[in-house]
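# Observations on chain architecture
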Amino acid sequence: MSEDWPQPYRLPDAEPYWAALDEERLTYQRCDSCSEVVWPAHSYCPHCSARSLGWEQSQGRGTVWSYSTIMRGPTPVWAAIVPYTVGFVELAEGYRLFTQIEAEPDAIEIGMPVEVRFVRRGEQTLPVFAPATEG
C-alpha cells in the first residue's frame, strides 16, 4: 500500500493516544474527579472542569452508531481503496470514535457489533473496526 496516506493532526493533549496506537492499544481519557469518559482528548474535563484526567485502555469493542460509504476517494491513495466506509463506533466504555469500518458496505448496519484492529497508514498506526467475532 502507498506511503502517501495523509497523516492525522496530532494535538498535544492526545499524544498518549497516538503513542498507545503505535503499540496497538486503543486508549481514551477518564476524569479522575467525576469518572466521566472524556473524548476527544482534553487538558481538562468538559463535564466538571477538573484537570485530573487519566488514560485507560479500551476493550476495543462497540457497535456501529452511524456510517457512510465513500464511492469516490478525495485523493489518489483513498481512490485506490473505494468503496470504503467511515462512521462513528460507540465503544463499550461510552464514547464514540470516528473511524473506518472494514466490511462490505451492504453488510454494515446501525447497531452492528464491531471490534478494533490496527492498520499502518504511512507513519501512523490507526484503529479500524471490523465485524465482531463470536465469543
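The coordinates are above.
Computed from a predicted structure; not experimentally measured.

Turning next to the side chain of R121. Tracing the chain through its elements places R121 in strand β7 (residues 113-121). Although R121 is buried, it forms no salt bridge, and the closest oppositely charged side chain is E102 at an N-O distance of 4.2 Å. For R121, the side chain forms a polar contact with the side chain of Q100, separated by 3.0 Å. Those residues in contact with R121 that sit more than four places away from it in its chain are W5, Q7, W78, Q100, E102 and L126.

Right, let's talk about the side chain of S58 for a bit. Following the sequence through the fold, S58 ends up in the loop between β3 (53-57) and β4 (61-70). Under the relative-accessibility criterion, S58 is labelled buried at 8%. Separated by 2.9 Å, the side chains of S58 and E93 make a polar contact. Contacts of S58, omitting those with residues within four sequence positions, involve L26, T27, Y28, L91, E93 and Y95.

Within the span of helix α1 (residues 15-22), buried status applies to Y17, W18, A20 and L21. Viewed end-on, α1 has its buried residues packed into an arc of 160°, placing them on one side of the element. Where α1 is buried, its residues meet β1 (27-31), β3, β6 (96-101), β7 and β8 (124-131). Residue E24 follows α1 closely and has a positive phi angle near 55°.

If you look at the biggest cluster of nonpolar residues, it comprises 19 residues, and the most contacted ones within it are Y17, L26, L91, Y95, L97 and F129. Those elements that provide at least two residues to this core are α1, β5 (84-91), β6 and β7. It is α1 that provides the largest number of residues to this core, a total of 3 residues. Each of domain 1 (11-57) and domain 2 (59-134) contributes no fewer than three residues to this core. When sequence neighbours within four positions are dropped, the list of residues in contact with L91 reads L26, S58, G60, R61, G62, L97 and F129. Core analysis: the next-biggest nonpolar cluster, separate from the first, contains 6 residues, W5, V77, W78 and V86 among them.

Here the focus is the sheet that holds β1. Taken together, 3 strands build an open sheet; the order of strands is β2-β1-β3 and the sheet is antiparallel. Pairing within the sheet leaves two strands with one partner each, and these edge strands are β2 (37-38) and β3. In the sheet, β1 pairs with β3 via 5 bridges, with the strands oriented antiparallel. Looking at β3, one finds that T27 is bridged to Q57.

Reading the values: the criteria
- Residues numbered from 1 in each chain as written.
- Predicted model: local features only at pLDDT ≥ 70, side-chain atom pairs only at ≥ 80, totals over all residues.
- Heavy atoms only, no water.
- Helix = DSSP H or I, 4+ residues; strand = E, 2+ residues; numbered from the N terminus.
- Buried < 20%, exposed > 50% of the residue type's maximum accessible area, 1.4 Å probe, protein only.
- Lys, Arg positive; Asp, Glu negative; His and termini not counted.
- Salt bridge = Lys/Arg side-chain N within 4 Å of Asp/Glu carboxyl O.
- Polar contact = N/O pair within 3.5 Å; in protein donor to acceptor, adjacent residues only side chain to side chain.
- Contact = heavy atoms within 4.5 Å.
- Arc of directions from axis to C-beta.
- Core = buried A, V, L, I, M, F, W, Y, C linked by side-chain atoms within 4.5 Å.
- Domains from an automatic or database assignment.
- Pairing = 2+ DSSP bridges.

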